[in-house]
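Here is what each chain is made of, one letter per residue.
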Amino acid sequence: SETFIKNVSFARFGNGKAEFLNAVLLDENENEIAVVHFGQKVILRIAMKINTDISELRYGYEIRDRNWAVVVYGGSHIEDKNLADIKTGDQFIIDWKFELKLRNDNYTITCFAAIPGDLEIQDDDYCDHISIGCQFEMAVKYPSPTYGMIYLNNDLEIIKVIDCN
């Protein structure tokens, strides 16, 4: 998309062995969205092309806030879904599906694809890293806003204590 091409012109780097062709945030009906409602299920759809044979590729995304802090991180190595034995010309559509429960703010999604190195010293060989894959606004949660960056689904149990005296 034109928006993607404009976005990736800012702070993109990598060796070019794999490249992102698009990144878009979709609702459950696969419509592109720019505003997400608290608790909404979304799809982060990433299109990627392989430009040379690669034995293993890991990929993922980060959701960053206005201060560029990483609020959410998703990686194929965490999901045990790295791509293996991929060939020149292969293309992939990768759908990350999740429910967003973030504080009302504007967010940027970064995307990365890398040939794995030693994770402890973070020496991956980045094929493509885009600082602005797509952006969205998280709408205010009504009737009660959330005050933390992320809301976790809680199992809340309340036990009334009976005075045994």
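All figures in this text were calculated on a predicted structure; none of them were measured in a lab. (Residues numbered from 1 in each chain as written. Predicted model: local features only at pLDDT ≥ 70, side-chain atom pairs only at ≥ 80, totals over all residues. Heavy atoms only, no water.)

Draft legend 1. Examining the overall build of the protein more closely. Check the secondary structure of the protein and you find two helices and ten strands. Scanning the protein from its N terminus toward the C terminus, one meets helices and strands in the order α-β-β-β-β-β-β-α-β-β-β-β. Long-range pairs, those at least 24 residues apart, make up 72% of the contacts in the protein with a sequence separation of at least 6. For the protein, the exposed area adds up to about 10,200 Å²; of that, 49% sits on carbon and sulfur atoms. Looking at the protein, you have 16 positive and 27 negative side-chain charges, and the mean spots of the two groups are 4 Å apart. (Helix = DSSP H or I, 4+ residues; strand = E, 2+ residues; numbered from the N terminus. Contact = heavy atoms within 4.5 Å. Areas by Shrake-Rupley, 256 points an atom, 1.4 Å probe, with all protein chains shown as cover. Lys, Arg positive; Asp, Glu negative; His and termini not counted. Charge placed at Lys NZ, Arg CZ, Asp CG, Glu CD.)

Draft legend 2. Molecular detail of a nonpolar patch on the surface. A cluster of nonpolar residues, Val-70, Tyr-73 and Ile-78, forms a patch on the protein surface that exposes about 270 Å² of accessible area. Secondary-structure assignment places Tyr-73 in strand S6 (residues 70-75). (Patch = residues over 30% accessible without salt bridge, like charges linked within 9 Å, V, L, I, M, F, W, Y side chains within 5 Å. Salt bridge = Lys/Arg side-chain N within 4 Å of Asp/Glu carboxyl O.)

Draft legend 3. Representation of the side chain of Arg-58 in the model. By secondary structure assignment, the location of Arg-58 is in strand S5 (residues 54-64). A polar side-chain atom of Arg-58 sits 3.2 Å from a polar atom in the side chain of His-77. (Polar contact = N/O pair within 3.5 Å; in protein donor to acceptor, adjacent residues only side chain to side chain.)

Draft legend 4. Expanded view of the pattern of salt bridges. Under the criterion given, the structure shown has eight salt bridges. A salt bridge links Glu-30 to Arg-45; the shortest N-O distance between them is 3.3 Å. Taken as a pair, Glu-30 in the loop between strand S2 (18-27) and strand S3 (35-36) and Arg-45 in strand S4 (residues 40-50) lie far apart in primary sequence, 15 residues in all. Arg-45 sits in the partly exposed class, given a relative accessible area of 21%. Ionic pairing is found between Arg-66 and Asp-105, a salt bridge with its closest N-O pair at 2.5 Å. One end of the pair, Arg-66, is in the loop between S5 and S6; the other, Asp-105, is in strand S9 (residues 105-115), with 39 residues separating them in the sequence. Residue class for Arg-66 comes out exposed when judged on its relative accessible area of 60%. (Buried < 20%, exposed > 50% of the residue type's maximum accessible area, 1.4 Å probe, protein only.)

Draft legend 5. Spatial organisation of the state of the cysteines. Throughout the structure, instances matching the rule amount to zero disulfides. The structure places no disulfide on Cys-127, whose sulfur is separated from the nearest cysteine sulfur, that of Cys-111, by 14 Å. Cys-127 sits in the buried class, given a relative accessible area of 2%. (Disulfide = S-S within 2.5 Å.)

Draft legend 6. Broad picture of the layout of surface pockets. Looking at the largest pocket, its volume works out to about 200 Å³. Lining the largest pocket are 14 residues, with Thr-3, Asn-7, Glu-32, Cys-134 and Gln-135 sitting closest to its centre. Put simply, the parts of the chain that give the lining of the largest pocket at least two residues each are helix H1 (2-8), S2 and strand S10 (125-138). It is S2 that contributes the most residues to the lining of the largest pocket, four residues altogether. Grouping the amino acids of the lining of the largest pocket by side-chain chemistry returns seven nonpolar, six polar and one charged. Taken as a whole, the second largest pocket encloses approximately 160 Å³ of empty space. Lining the second largest pocket are Arg-58, Glu-62, Tyr-73, Phe-112, Leu-119, Gln-122, Asp-124, Tyr-126 and His-129. For the lining of the second largest pocket, the residue count by class is four nonpolar, two polar and three charged. (1 Å grid on protein atoms, 1.4 Å probe; cavity = no way out; pocket = protein on both sides within 12 Å on 5 of 7 lines; lining within 4 Å. Points joined across faces, edges and corners; volume = space filled by probe spheres on them. Nonpolar A, V, L, I, M, F, W, Y, C, P; charged D, E, K, R; others polar.)

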